[in-house]
Amino acid sequence: MTLSAWAQPVMEFKAGNDTYVVEKLTDGHGIIWGVEFLDKDLIIFTEKTGRIQTLDLKTGLARLLKNLPSVYNAGQGGLLDIAVHPEFAQNSYVYVSYAKKLTTGGQTTAVARARLDVNEGRFEKWEDIFVARPAFSTAHHYGSRIVFDKAGYIYFGVGERGQAELSQKLNAHNGKIIRLFDDGRVPQDNPFIGTPEALPEIWSYGHRNPQGLFYDKKTDTLYEQEHGPKGGDEINLIVKGKNYGWPVITYGREYSGGQVGRGETARPGMEQPLKYFVPSIAPSSFMIYRGNKLKLFTDKFVSGALALQHLNLVAMKDVATACEDRLLVGLNERIRDVKQGPDGLVYVSSDNGRIYRIRAGSL
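What you see is a predicted model; the values in this text were computed from it and never measured.

**Q** Teacher, can you tell me more about the pairing of strand S4 (residues 42-47) here?
**A** Residues in a regular strand point their side chains to alternate faces of the sheet. Most of S4 sits out of view: six of its six residues are buried. Here S4 shows a buried face lined by Leu42, Ile44 and Thr46 and a second buried face lined by Ile43, Phe45 and Glu47. Summarising the sheet, strand S3 (residues 32-39) and S4 pair through six bridges and their orientation is antiparallel. Residue pairing in the sheet places Val35 in a bridge with Phe45 of S4. Counting the residues that bridge the hairpin from S3 to S4 gives two residues. Of the strand pairs in this sheet, S4 and strand S5 (residues 52-56) are connected by five bridges, and their pairing is antiparallel. By the bridge assignment, Leu42 is partnered in S5 with Asp56. Where S4 folds back on S5, the antiparallel hairpin that results is connected by four residues, among which Gly50 adopts a positive phi of roughly 125 degrees.

This is the structure we're talking about:
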């Protein structure tokens, strides 16, 4: 690996006999909600305010892209995640999730795509491939990470927008994981095709505010991470058509301290989380590290934490009871997105407008 001479080392930590260095790659931006790689040397990232930039890992230079989508930036809404089509080199498609203001009914979660001309630094022909319904005037719980599986289907989460009861209703997109073709068409093997009044885009339901979604190519498995209320943040194994329980079952409590609903943590027909966090860490993006450059991270869930401001590591083996490693605490920053780069290193973004890289070695 060639180290970037311009990268600024800001922290060093040890795990066993190994030493790791945290490098700051860019600074001075807004909340960096989504980070993805266009190729091994070029990052693309979103700012919640509506900007999209690239970061050249050879030079350290950030470049603001042109012709951006119009987003509703208020509360938790704004420009959210970004994903690159698996065949980007051939079709140039980039996808974003964002808060969309409708002419009536308020705001909702939408997913759009456009072609990116990297050389010209501009997008062409934005089109919505999905707009969640119904919309609400509230400005929180939009979701929404985007992933592709090995067959080319696109998945993303839609938050319940504070309307908890809708998570259990199949005639609303709120509180659901959605599955589509890459152009927005509905696959005919989605689980609720033909179910009266059910929206055909739904893949799973009973979610609260899913801000983490990860497709594991190694095992062909989809995982989701979501915010609980006061406690009860969850990591879930997502299975076609399953009900994940919110707000009927949860390990969290109301912000007032009272129980949610009847205070149940289990009910027949509702899935248990692989792991839940009490107290809450306020999880954002997450992934499973499948590289070989960072031994501490191998085969672990790697999660950003907003409230507790750290990078959370928990082993996949015995995940329900496994101890957590809490890294980057000294940064005192809300960790928003987490990605494994093509180089096998870990990249994280923060609400302070920074992107960091973690590598093995020493200062």
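That covers the picture; the talk isn't over yet.
**Q** Even after reading the chapter, I still don't get the side chain of Glu23, so can you show me in this structure?
**A** Note on placement: Glu23 falls in strand S2 (residues 18-26). What makes Glu23 buried here is its relative accessible area of 2%. Within the structure, Glu23 has its side chain in polar contact with the side chain of Arg359 (distance 2.8 Å). Leaving out residues up to four positions away in the same chain, Glu23 has contacts with Ala7, Gln8, Pro9, Ile355, Tyr356, Arg357 and Arg359.

**Q** In this structure, what is going on with the sheet that holds strand S11 (residues 146-148)? I would like to understand it.
**A** Strand pairing in a sheet relies on backbone hydrogen bonds. The paired strands run either parallel or antiparallel. Strand order in the open sheet formed by four strands is S11-S12-S13-S14, and the pairing between neighbours is antiparallel. Every other strand in the sheet has two partners, leaving S11 and strand S14 (202-205) as the edge strands with one partner each. Mean inter-strand twist for the sheet, computed between neighbouring axes without regard to direction, equals 20 degrees. Two strands pair when backbone bridges link them, and strand S12 (residues 154-158) and strand S13 (residues 176-180) are joined in this way by five bridges, in the antiparallel orientation. When the bridges of S13 are listed, Tyr155 appears paired with Arg179.

**Q** Just to check I follow, could you spell out the packing of aromatic side chains for this structure?
**A** Each pair of aromatic rings is reported with the distance of its centres and the angle of its planes. Across all of its chains, the model carries 14 aromatic pairs by this definition. With centroids separated by 4.9 Å and ring planes inclined at 45 degrees, the aromatic side chains of Phe123 and Trp126 adopt a geometry described as tilted. Classification of Phe123 by relative accessible area gives buried; the value is 0%. Seen from their ring centres, Tyr153 and Phe181 are 5.3 Å apart, and the 40 degrees between their planes marks the pair as tilted. You can see Tyr153 sitting in the loop between S11 and S12 and its partner Phe181 sitting in the loop between S13 and S14, a full 28 residues away along the chain. Accessibility expressed as a relative area gives 24% for Phe181, which makes it partly exposed.

**Q** Whenever I open this one, unusual backbone geometry confuses me. Can you help?
**A** Note on backbone geometry: most residues besides glycine have negative phi, and most peptide bonds are trans. The omega torsion across Gly143 and Ser144 is 10 degrees, close enough to zero to call that bond cis. Assignment of secondary structure puts Ser144 in the loop between strand S10 (122-131) and S11. Cis geometry is found at the peptide bond from Val278 to Pro279, where omega equals 5 degrees. Checked against the element boundaries, Pro279 lands in the loop between strand S18 (275-277) and strand S19 (283-288). Of note, Glu197 is a non-glycine position whose phi angle comes to about 70 degrees, a positive value.

**Q** Help me understand the environment of Asn17 in this model?
**A** Mapping Asn17 onto the fold places it in the loop between strand S1 (8-15) and S2. You can call Asn17 exposed: its relative accessible area is 83%. Linking Asn17 and Asp299, residues 282 residues apart in sequence, is a C-alpha distance of 19 Å.

Thresholds, definitions, all that
- Each chain has its residues counted from 1, following the order in which its sequence is written.
- Local features in this predicted model are restricted to residues whose pLDDT is 70 or higher, and side-chain atom pairs enter the listing and the counts only when it is 80 or higher, whereas totals over whole chains, interfaces and linings include all residues.
- Excluding hydrogens and water, the side-chain values take into account all heavy atoms of the structure.
- When accessible area is computed with a 1.4 Å probe and restricted to protein chains, residues below 20% of their type maximum are described as buried, those above 50% as exposed, and intermediate ones as partly exposed.
- Starting at the N terminus, helices and strands are each numbered in turn, a helix being any DSSP run of H or I of at least four residues and a strand any DSSP run of E of at least two.
- In this analysis, strands are considered paired if DSSP registers two or more bridges between them.
- The term polar contact refers here to a pair of N or O atoms within 3.5 Å; inside protein, the definition further demands a hydrogen-donor-capable atom paired with an acceptor-capable atom, and it admits residues adjacent in sequence only when both atoms are side-chain atoms.
- Contacts are assigned to residue pairs that have any heavy atoms within 4.5 Å of one another.
- To get an axis, fit a line to the C-alpha atoms, keeping to the stretch in contact for a helix; angles then go from 0 to 180 degrees between the N-to-C directions.
- Only Phe, Tyr and Trp rings are paired, with Trp represented by its six-membered ring, and only when their centres lie within 6.5 Å; those with planes under 30 degrees apart are stacked, over 60 edge-to-face, the remainder tilted.

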